[in-house]
Each structure stands twice: as C-alpha cells, then as structure tokens.
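# Chains, contacts and geometry: an overview
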Amino acid sequence: MIDISQMTLEQLESTIESCALCPLHSGRNHAVPGEGPARADIMFIGEGPGFHEDRQGRPFVGAAGKFLEELLANISMTREQVYIANVIKCRAPGNRDPQPEELTACKPYLDRQIEIIQPKVIVTLGRFSMYRYFPGQSISKIHGQPRQAGNVLVVPMFHPAAALHQPKWRPLIEADFQKLPQLVAKMEQSGPIEPEPKAQQLSLF
Ligand code: SF4
C-alpha cells in the first residue's frame, strides 16, 4: 500500500477512487470516499455504499440520504457542514456484510480521514461503524450514549435506512440527533484531551 499518512483529504479521496486493495474494487461503478469539508465538527460514519451511492460515487444518497438531511435540518444544519464517510468505500455485492479482510484493507483510509478532519463528534451509523468503538454492543441498548475516545466523542445511532424501515426507531434517532449540538459545544469547552487509545478500537479494524 502506498503511504497515505501525509496525504491531504483531496489526495486521499483520489487514491480511494482508484484503489484495488481488496476484491470489492472489481464490482464497483464508483468508489465512495466520503464527502464534506476538510475540517468538520461532526463526522458521520456509515457502513458502505449501496446501489445509488455506487452509481453516483457519493455517500448517503437516496431515501436514507434524504432522511439524514432531514435529521440535520432539525438541528439547523446541512450536509455541507458535516463530513460523511463509510467504513468500506466500495459496494459489496448485493449489499452483503463486508468481510474481515475487506475491513482491514480499507481501514487506513478511514483512520486518515479522521486524522485530517479532526471531528469533535463522530456519529456511527450501522453495525460495522459502531463496532469500531463499541465492539460486540447492541445499538438498541447503547444508541445516543456518547463515549469519549481520545479527542473525540463517539455517539452510536441507528442507521437512517434502518429507522425508515422500522418506524419505532424513527423517534429514537430523531431524539439522538437533538443531542448533537450540545455534544459539540461540550467538546469545544473541554478542548484537546489525549490521543485515541488503540485498545478502544476493534482489533479487526
Ligand atoms: S473497499 Fe476499500 S480497500 Fe477495497 S478496493 Fe475499495 S477502497 Fe480499496
């Protein structure tokens, strides 16, 4: 793998677009590096591109993306103000779960994105994103409960697509989103703390 440790966000995104480090590259129309400003207070980490994302090369388009925009509008924000990424940058066939070797191959890209963007709050959307910080946990038990991981506060939330399919989860994700402005403000007040301990990350990643 080429050295990505000094890359800018733009260089990283273009490297991802031509990446062939795992078998997922062969079935993609477009890699989906992520989208948003190079510095953002809030970073959303979803699972991987779906059908529409693969077609457009953009994260969270289609119904789930619309709902995400709606949730952001409820807290007076737009998607242009946040960074949206996924743990896996290329679509898995039939939207199957990513394999451990695919997660391992793709992990350095997300690590570098977090390093560049320096978010105050990371919102995990979906299982594989949640497992990065909360291995083995269940979203129905821990959603909306922030945990400090080094300089960032990580908040697990239901995936917007799941909340669209399960109407009972919709008010829960809406309520969890309402906490975000306060959590960002809290991190602004507390300032830098210490580097993210490696032990808090799932060994798979
Ligand atoms: S999923 Fe990640 S590691 Fe695999 S080809 Fe795409 S960008 Fe590369």
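To be clear, the structure that these remarks concern was listed above.
Residues numbered from 1 in each chain as written. Predicted model: local features only at pLDDT ≥ 70, side-chain atom pairs only at ≥ 80, totals over all residues.

### Thoughts on the overall build of the chain
Using the following cut-off: The numbering of helices and of strands both runs from the N terminus, where a helix is a DSSP run of H or I of at least 4 residues and a strand a run of E of at least 2. In this treatment the radius of gyration is a C-alpha quantity, and the globule benchmark scales as 2.2 Å times the residue count to the 0.38 power. Residues are called buried when their C-beta atom has 20 or more other C-beta atoms within 10 Å, exposed when it has 12 or fewer, and partly exposed otherwise; all C-beta atoms are positioned from the backbone.
In terms of helices and strands, the chain carries 9 helices and 5 strands. When the elements of the chain are put in sequence order from the N terminus, they spell out α-β-α-α-β-α-β-α-α-β-β-α-α-α. Over its C-alpha atoms the chain spans a radius of gyration of 16 Å, differing by no more than 12% from the 17 Å that the globule rule assigns to 205 residues. Principal axes of the C-alpha set define a box for the chain whose edges measure 40 × 40 × 30 Å. Within the chain, the proportion of its 205 residues that are buried is 40%.

### Side note on the environment of Glu70
By the secondary structure assignment, Glu70 is in helix 3 (residues 62–74). Sequence-wise, Glu70 and Glu174 are 104 residues apart; in three dimensions their C-alpha atoms are separated by 9.5 Å.

### Digging into the nonpolar core
Nonpolar side chains in soluble globular proteins generally cluster together in the buried interior. As a reminder of what qualifies: By convention the nonpolar core is taken to be a set of buried residues drawn from Ala, Val, Leu, Ile, Met, Phe, Trp, Tyr and Cys and joined through C-beta atoms within 7 Å. C-beta atoms are placed from the backbone for every residue, and two residues are taken to be in contact when these atoms lie within 7 Å.
Ranked by internal contacts, the top residues of the largest apolar core, which has 51 residues, are Met43, Phe44, Ile45, Val121 and Val123. Looking at which element gives the most residues to this core, the answer is helix 4 (residues 100–117), with 7 residues. Residues contacting Val121, with those up to four places away along its chain left out, are Asp41, Ile42, Val152, Leu153, Val155, Leu180, Leu183, Val184 and Met187.

### Re the site of the ligand
Heads up, the condition is: Nearness is defined per residue: the C-beta atom, placed using the backbone, must lie within 6 Å of the molecule or strand.
Around the ligand sit 14 residues in total, of which Cys19, Cys22, His25, Cys90 and Cys106 are the nearest. At 3 residues, the largest contribution of residues to the shell around the ligand is made by helix 4.

### Quick look at unusual backbone geometry
Trans peptide bonds make up the majority, and among non-glycine residues the majority have a negative phi. In the Ramachandran plot, Ser76 falls in the positive-phi region, its phi being about 60° despite a non-glycine side chain. By secondary structure assignment, the location of Ser76 is in the loop between helix 3 and strand 2 (83–86). Positive phi is not limited to glycine here, since Asn95 has a value of about 60°. The exposed category is assigned to Asn95, around which 12 C-beta atoms lie within 10 Å.

### Focus: the sheet that holds strand 4 (residues 147–149)
The cut-off we apply is this: Note on pairing: DSSP must find at least two bridges between two strands before they are called paired. Inter-axis angles, ranging from 0 to 180 degrees, are taken between N-to-C directions of lines fitted to C-alpha atoms, where helices are fitted over the stretch in contact.
The sheet built from 5 strands is open, its strands ordered 2-1-3-5-4 with mixed pairing. Edge positions in the sheet fall to strand 2 and strand 4, since each has one partner strand and no second. For this sheet, the mean inter-axis angle between neighbouring strands, taken without regard to orientation, is 30°. In the sheet, strand 1 (residues 42–46) pairs with strand 3 (residues 121–125) via 4 bridges, with the strands oriented parallel. Residue Ile42 lies in a different strand from strand 3, and its bridge partner there is Val121. The strands that helix 9 (residues 180–190) touches are strand 1, strand 3 and strand 5 (152–157); relative to strand 3, the one it contacts most, it runs at about 140°.

Purely geometric numbers; function is a separate question.
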